[in-house]
Amino acid sequence: MYLKPSRLSIYNRTHDFEVCLIGVGGTGSRVAHHLGTLNFALLNSDKLGIRLTIIDMDEVEYKNIGRQKFRPHHIGMFKTDAIAQDLARDYMMKNINVINKPIQEVEQNVIDKFDLIILCVDNVEARSFIYDNITQAHIIDTGNEKDYGQVILSKAKELQNTFDIFGYDNFVKQTEESDFSCDNYALQFEKQSLFIN
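Residues numbered from 1 in each chain as written. Predicted model: local features only at pLDDT ≥ 70, side-chain atom pairs only at ≥ 80, totals over all residues. Heavy atoms only, no water.

Here we look at the overall build of the protein chain
Scanning the protein chain from terminus to terminus reveals 7 helices and 6 strands. Ordering the α and β elements of the protein chain from the N terminus gives β-α-β-α-β-α-β-α-β-β-α-α-α. Here the protein chain holds 197 residues, and 44% of them are scored as buried. For the protein chain, long-range pairs separated by at least 24 residues make up 59% of all intrachain contacts whose partners lie at least 6 apart in sequence. As presented, the protein chain carries roughly 11,000 Å² of accessible surface, and 50% of it is formed by carbon and sulfur atoms. (Helix = DSSP H or I, 4+ residues; strand = E, 2+ residues; numbered from the N terminus. Buried < 20%, exposed > 50% of the residue type's maximum accessible area, 1.4 Å probe, protein only. Contact = heavy atoms within 4.5 Å. Areas by Shrake-Rupley, 256 points an atom, 1.4 Å probe, with all protein chains shown as cover.)

The following block contains the structure:
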């Protein structure tokens, strides 16, 4: 099987690279920091940088510390605000926009402007919304289970073909949000291993 590579370059651009990061939990919070280092390197190489929009509606909780890239002083903050604060401090990143609501409530004209959407969500509703409403952007879709994960890179309009190959029904089944909810820190590892992200 051969999937045609999708061309997307951060170099030789005429405008900042518009990136939308949806979900800043275990995977997304780490991806955000990598975007911060990339932006820092670009700007210090006389290249245009990254204009980052972060979308997540959750607040940092005690159970997120250690498993996600948050620290105790972040507890009670929106995850988006905590990440934006860290990127500004650690990497001098200034072009950050935060949206503290579900992706389904974000205006379509906002969603349509991105060059790249990085999907780091743990629920089918958000994933399905992106697949149904995005037609132009490149997408990196990440997900994980207890001890494995997957990454899909595609143009939005080619996603359905991708899932025709890999089996969309199977993919959705594997990424459905469970009803697991546990504030007991130790019991969380029965649902998902500590280092899977």
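After that view of the structure, there is still more to cover.
Structural notes on the pairing of strand β2 (residues 50-55)
Buried residues dominate β2, accounting for 5 of its 6 residues. The pairing of strand β1 (residues 17-22) with β2 spans 6 bridges and is classified as parallel. When the sheet's bridge partners are listed, L21 is paired in β2 with I54. Handedness of the crossover joining β1 and β2 through helix α1 (residues 28-43) is recorded here as right-handed. By the bridge criterion, 4 bridges tie β2 to strand β3 (residues 96-99) in an arrangement that is parallel. (Pairing = 2+ DSSP bridges. Right-handed = clockwise from strand over helix to strand, strands pointing away.)

Structural notes on the pattern of salt bridges
Applying the stated criterion to the full structure yields 7 salt bridges. Its salt-bridge partner being R71, residue D86 comes within 3.1 Å of it at the nearest N-O pair. In this pair, D86 sits in helix α2 (residues 79-91) while R71 sits in the loop between β2 and α2, placing the two residues 15 residues apart along the sequence. For D86, a relative accessible area of 0% gives the class buried. On the basis of relative accessibility, which here comes to 30%, the residue R71 falls in the partly exposed class. For the salt bridge of E107 with K101, the shortest nitrogen-to-oxygen distance reads 3.7 Å. What makes E107 partly exposed here is its relative accessible area of 42%. Through salt bridges that share partners, R71, D86, R89 and D90 make up one connected network. (Salt bridge = Lys/Arg side-chain N within 4 Å of Asp/Glu carboxyl O.)

So, the side chain of T142
Relative to the helices and strands, T142 resides in strand β5 (residues 138-144). In this structure, T142 is in contact with T27, L119, C120, V121, R127, Q150 and V151, ignoring residues within four places of it in sequence.

Focus: the environment of K47
For K47, the location among the structural elements is in the loop between α1 and β2. By relative accessible area, K47 is classed as partly exposed at 33%. Counting along the chain gives 31 residues from K47 to D16, while the straight-line C-alpha distance between them is 9.0 Å.

Remarks on unusual backbone geometry
One non-glycine residue, D46, lies in positive phi territory at about 60°. For M92, which is not a glycine, the phi torsion comes out positive at approximately 55°. Structurally, M92 is set in the loop between α2 and β3.

Here we look at the side chain of R127
Tracing the chain through its elements places R127 in helix α4 (residues 124-133). Accessibility expressed as a relative area gives 3% for R127, which makes it buried. At 3.0 Å, the side chain of R127 forms a polar contact with the side chain of D141. (Polar contact = N/O pair within 3.5 Å; in protein donor to acceptor, adjacent residues only side chain to side chain.)

Focus on α2
The terminal C-alpha atoms of α2 lie 18 Å apart, and with 13 residues this matches the ideal 18 Å at 1.5 Å per residue to within 8%. Of all the positions in α2, only K79, T80, A82, I83, A84, D86, L87 and Y91 are classed as buried. Residues of α2 that are buried make contact with α1, β2 and β3. Of the residues trailing α2, M92 is marked for its positive phi of about 55°. (Expected span 1.5 Å × (residues − 1).)

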